Amino acid sequence: SAVISQKPSRDICQRGTSLTIQCQVDSQVTMMFWYRQQPGQSLTLIATANQGSEATYESGFVIDKFPISRPNLTFSTLTVSNMSPEDSSIYLCSVEGSYPNYGYTFGSGTRLTVV
Amino acid sequence: QKEVEQDPGPLSVPEGAIVSLNCTYSNSAFQYFMWYRQYSRKGPELLMYTYSSGNKEDGRFTAQVDKSSKYISLFIRDSQPSDSATYLCAGTNAGKSTFGDGTTLTVKP
């Protein structure tokens, strides 16, 4: 299965600022996924990033708040813009496996605290 | 109603116990089901996936799916302290996964 490197692993940010999270995969993948995991809660899909096209956002998430770049088949970034304390969460990137390794592989996550 | 409901826990068992982790789902369109394990400060890692009713075994782990009752389970035999983690179930349809909230398991030596 793919190996994902995600950084930063954690950050503490001031409200009103922005943070860009990077995700590097060791193989070429068509789709990359960005999730949010709030404390004690489930994983929630933010958006799907395809190389060469606009990201597709899930209900409740907008491009102005979470702009995504996907410049090539192994890399993506997620920016959390104009942050507020409610954005404090773990952000994870993920790729989908293929036969025989179905399921998703996740990065180790970025633990964001907004103060 | 959430599409995937997971027994909330937390669950604490002695080493060597058999652990049963359970989820129910409401979306009949889910094509396959997965169990993930998440250690503290790590991303989830896939443990098992299955796409049909019945049992699937991998070492000490058995995943069970009952599509008629929309019920999925993960059994851990001979549980070890290293199994202490949060376990997430998920259903997948058209490439999108919906996750349960997770059950935190502690296996005490």
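Position labels on residues start from 1 in each chain and follow its written sequence. Each chain is given a letter, starting from A, and each ligand a number, starting from 1, according to the order in which they appear as written. Owing to the predicted nature of the model, reporting of local features is limited to residues with pLDDT of at least 70; listing and counting of side-chain atom pairs is limited to 80 or more, with chain, interface and lining totals taken over all residues. Hydrogens are left out, water is left out, and the side-chain values use all remaining heavy atoms of the structure.

Colleague: Would you explain the interface of chain B and chain A in this entry?
Modeller: Where interface size is given, it is often the accessible area lost as the parts come together that is meant. Opposite the 17 residues of chain B that make contact, chain A presents 19 residues. By buried area we mean the combined loss of accessible area, with a 1.4 Å probe, across both parts when two parts are placed together. Taken together, the two surfaces of chain B and chain A that pack against each other cover about 1500 Å², and 50% of this comes from carbon and sulfur. When a carboxyl oxygen of Asp or Glu lies within 4 Å of a side-chain nitrogen of Lys or Arg, that pair is called a salt bridge. A salt bridge links Glu58 of chain A to Lys96 of chain B; its shortest N-O distance comes to 2.9 Å. Polar contacts here mean pairs of N or O atoms no more than 3.5 Å apart (in protein, one a potential hydrogen donor and the other a potential acceptor; neighbouring residues in sequence count only if both atoms are side-chain atoms). Summed over the shared surface of chain B and chain A, the result is 7 residue pairs in polar contact (both at pLDDT 80 or more). Counting from the N terminus, the helices are the DSSP runs of H or I reaching at least four residues and the strands are the DSSP runs of E reaching at least two. When residues of the side of chain B that touches chain A are traced back to their parent elements, those giving at least two are β4 (32-38), β5 (45-50) and β10 (96-99) of chain B. Each residue belonging to the side of chain B that touches chain A can be placed in one class, and the counts come to 8 nonpolar, 5 polar and 4 charged. The contact definition used throughout considers only heavy atoms, calling two residues in contact when any of these lie within 4.5 Å. Residues were grouped as follows: Ala, Val, Leu, Ile, Met, Phe, Trp, Tyr, Cys and Pro as nonpolar; Asp, Glu, Lys and Arg as charged; and all remaining residues, including Gly, as polar.

Colleague: Please clarify how the side chain of Lys65 of chain A should be interpreted in this entry.
Modeller: Residue and element names in this part refer to chain A. Structurally, the position occupied by Lys65 is in the loop between β6 (56-57) and β7 (68-72). Of note is the side chain of Lys65, whose polar atom sits 2.6 Å from the side chain of Asp87. Those residues within four positions of Lys65 in sequence are excluded, and the remaining contacts are Thr79, Val80, Ser81, Asn82, Met83, Ser84 and Asp87.

Colleague: Teacher, can you tell me more about unusual backbone geometry here?
Modeller: In this structure, the amide linkage connecting Lys7 of chain A to the following residue, Pro8 of chain A, adopts the cis form with an omega of 0°. Mapped onto the elements, Pro8 of chain A comes out in the loop between β1 (4-7) and β2 (10-13). In this chain, Gly9 of chain B is followed by Pro10 of chain B through a cis amide linkage whose omega measures 0°. Looking at where Pro10 of chain B falls in the secondary structure, it is placed in the loop between β1 (4-6) and β2 (11-14). Positive phi outside glycine occurs at Asn82 of chain A, with the angle close to 45°. As for its position among the elements, Asn82 of chain A is in the loop between β8 (75-80) and β9 (89-96). Under the scheme applied here, a residue whose accessible area is under 20% of the maximum for its type counts as buried, over 50% as exposed, and between as partly exposed, the area being computed with a 1.4 Å probe on protein chains only. Taking the relative accessible area as the measure of exposure, Asn82 of chain A reaches 54% and is therefore exposed. In this structure, Lys70 of chain B takes a positive phi of about 55° despite not being glycine. Relative to the elements of secondary structure, Lys70 of chain B occurs in the loop between β7 (61-66) and β8 (71-76). Of the residues examined, Lys70 of chain B reaches a relative accessible area of 24% and is grouped as partly exposed.

Nothing here speaks to function; it is geometry throughout.
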